[in-house]
Amino acid sequence: MHLLDRSGLKSAARRDPVILSRKLSALVNSNDDQGVLSGNWSGNYSAGTSPTTWTGSSTILQKYYKTKKPVLFGQCWVFSGVLTTVLRCLGIPARSVTNFASAHDTEENLNVDIYLNDKGEKLDDWTSDSVWNFHVWNEVWMKRPDLPSGYDGWQALDSTPQEPSQGVFQCGPCSVTAIKNGDVYLPYDAKFIFAEVNADRVHWMVREKDGQEDISLIKEEKSCIGKCISTKALNKNMKQDITSQYKHKEGSPEERKAVQTACSYLKSDACLVFAAPPTAPPAGIKLQITGNKELLPGNPMSLNILIENESDDAKTVNVIVGCQLQTYTGKVIAKLASITQIVEVAGKQAATIPLNVAADLYMKSVILVDDELIIMVNVISETMETNEKNSESMVISFTYPAITVEMPETGKINEDFTCTFTFKNTLHIPLEKCELHVEGLGIFKLEKFDQGDIRPGGIFRSKIICAPKKTGEKKIVAELISKQIKGISAEKMITITN
């Protein structure tokens, strides 16, 4: 109710879910109006709480109401969680949605340009476009009397402050049906959201040539953005893939028509690319990165770069490999490895280049940043005989030991039960300054346990006594943070009866 008062909306506007949800997407971030959450992607959160540490919305909203000041700090999943809670409290059906390989297109041209140097390393300063490993927004369910018929139902809404809309950091509500059909002329912010799930990724190489910066096209990727768009399944604690609600099948006539429709309203010629059926490229050099896509912190990373010659003729290939530590938004944290090697590959044969990164090399940067990080590997090939270029990339994510949550599956009101949290450090490195954060949504408020340092093989066990006051299905959430790892989480459900 305090947020409603802060909105400045008159009574008639407050009962319009379109106007109200758009206003709340602005009020949940603090950029324009001293709203609920202050965004921070710097990696330094010493002035507040790290975004990876939050376990729920209640603590954030209560702190905001008590202090009347923005809470420090949030990132996309935190903004989305808080907005879900606020909307549901006001009777607007809402859910969080995650888009993997999410485009941030600042130019409305359906292209996300990625610039790499001659070491295969991403150049952060060259573009305002980016591809986030994932991005989380909201959907709200409502009628859209302000739109032509056929656009009711789920609407995309985003409170993460990315780009201003009508001069304010707000986004949506935008009909998901409009996004699927390419009707990006409809309000609100359909062009931006369409690009998040449909943009093309274009790789460029920047080299110095005769004292000038020479830019050459490496590769265009037409179907790498907007993968596995997901939400929580109804009445089940599992994922539901809703990609088909945002996009027709890649390459289908319906998908091509949607892109052409969108292009007619955008600064893009992407629709011209498929004016004729694409022809198969001539046989050349094919790249492949092999190895495990998940890495335990403290273990060395080991990959192989496979250079396969699909033609009958021998090829001389200049292979460039760049390996960087990045945040999920693509921000470069550290350079880890760079390889430049010329290989001779006979016709119909293949060559292999190993890529190894020692644990100390990436861990010294991991402990300095309070974000969960990824390792990005970029490979570029240049065929000397034909000047043909190709590229391939791989994201390596970190995987962690599990937290075990032990408690009964059912409980009764006012009858205590014990919830036990157990963690064993199966990594080869000690975990420093460990904290366990636990919250029983609808059972008990956020509790913090200081666990100190946990050596390799070390085990800790924490218990909490719960006294449920309300019936229904409740969730217990646990999260462990340390200098080396930023968010091991676990959750478990319990049904409370009379």
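Higher on the page you've got the structure.
Residues numbered from 1 in each chain as written. Predicted model: local features only at pLDDT ≥ 70, side-chain atom pairs only at ≥ 80, totals over all residues. Heavy atoms only, no water.

## What to know about the overall build of the protein
Broken down by element type, the protein carries ten helices and 27 strands. At 25 Å, the protein has a C-alpha radius of gyration in line with the 23 Å of a compact globule built from 498 residues. Structurally, the protein occupies a C-alpha span of about 80 × 60 × 40 Å along its principal axes. Taken across its 498 residues, the protein has 53% of its residues classed as buried. A fraction of 67% describes how many contacts in the protein between residues 6 or more apart in sequence connect residues 24 or more apart. Charge-centre separation for the protein: the mean point of 55 positive side chains lies 9 Å from the mean point of 60 negative side chains. (Helix = DSSP H or I, 4+ residues; strand = E, 2+ residues; numbered from the N terminus. Rg over C-alpha atoms; globule rule 2.2 N^0.38 Å. Buried < 20%, exposed > 50% of the residue type's maximum accessible area, 1.4 Å probe, protein only. Contact = heavy atoms within 4.5 Å. Lys, Arg positive; Asp, Glu negative; His and termini not counted. Charge placed at Lys NZ, Arg CZ, Asp CG, Glu CD.)

## A closer look at the packing of aromatic side chains
Scanning all chains against the criterion turns up 14 aromatic pairs. Taken together through their ring pairs, the aromatic side chains of Trp-41, Trp-77, Phe-79, Trp-132, Phe-134 and Tyr-328 make up a single cluster. When the ring centre of Tyr-65 is taken as origin, the NZ or CZ atom of Lys-68, which lies over that ring, is 3.9 Å away. Here the guanidinium or amino end of Arg-95 rests over the ring plane of Trp-154, the centre of that ring lying 3.9 Å away. (Phe/Tyr/Trp six-rings, centres within 6.5 Å; stacked < 30°, edge-to-face > 60°. Lys NZ or Arg CZ within 6 Å of the ring centre and 35° of its normal.)

## Considerations on the sheet that holds strand 4 (residues 111–116)
Strand order in this open sheet of three strands is 4-8-9, and the pairing throughout is mixed. Across the chains shown, the open sheet's two edge strands, defined by having one partner strand only, are strand 4 and strand 9 (212–221). Going from strand to strand, the sheet's axes swing by 30° on average, the running direction of each strand aside. Pairing of strand 8 (residues 200–209) with strand 9, which is carried by nine bridges, proceeds in the antiparallel orientation. Paired with Arg-201 across the bridge in strand 9 is Glu-221. (Pairing = 2+ DSSP bridges. Axes fitted to C-alpha atoms, helices over the stretch in contact; angles between N-to-C directions.)

## Here's the deal with the state of the cysteines
One pass over the full model with this rule turns up zero disulfides. Note on Cys-466: no disulfide assigned, nearest cysteine sulfur contributed by Cys-419 at a separation of 5.3 Å. (Disulfide = S-S within 2.5 Å.)

## Let's talk about the pairing of strand 12 (residues 285–290)
Residue alternation in strand 12 divides its side chains into a buried set, Ile-285, Leu-287 and Ile-289, and an unburied set, Lys-286, Gln-288 and Thr-290. As defined by bridge partners, strand 12 adjoins strand 14 (residues 301–309) across six bridges and the pair is classed as antiparallel. Bridging across to strand 14, Gln-288 finds its partner in Leu-306.

## A word on the sheet that holds strand 12
Read from one edge of the open sheet, three strands run 12-14-17, paired in antiparallel fashion. Two strands bound the open sheet, and with one partner strand each, they are strand 12 and strand 17 (350–357). Direction aside, the axes of adjacent strands within the sheet are offset by 20° on average.

## Focus: the pattern of salt bridges
If charged atoms from side chains of opposite charge come close, those side chains can pair. Tallying each qualifying case throughout the model produces 18 salt bridges. In this structure, Asp-146 engages Arg-144 in a salt bridge whose closest nitrogen and oxygen atoms are separated by 2.9 Å. Residue class for Asp-146 comes out partly exposed when judged on its relative accessible area of 40%. On the basis of relative accessible area, Arg-144 is assigned to the buried category, the value being 2%. Across the salt bridge formed by Arg-207 and Glu-382, the nearest N and O atoms sit 2.5 Å from each other. A residue pair is termed long-range when its members are at least 10 positions apart, and Arg-207 in strand 8 and Glu-382 in strand 18 (residues 374–383) qualify at 175 residues. Bridged by salt links that share partners, the residues Asp-200, Glu-220 and Lys-222 form one connected network. (Salt bridge = Lys/Arg side-chain N within 4 Å of Asp/Glu carboxyl O.)

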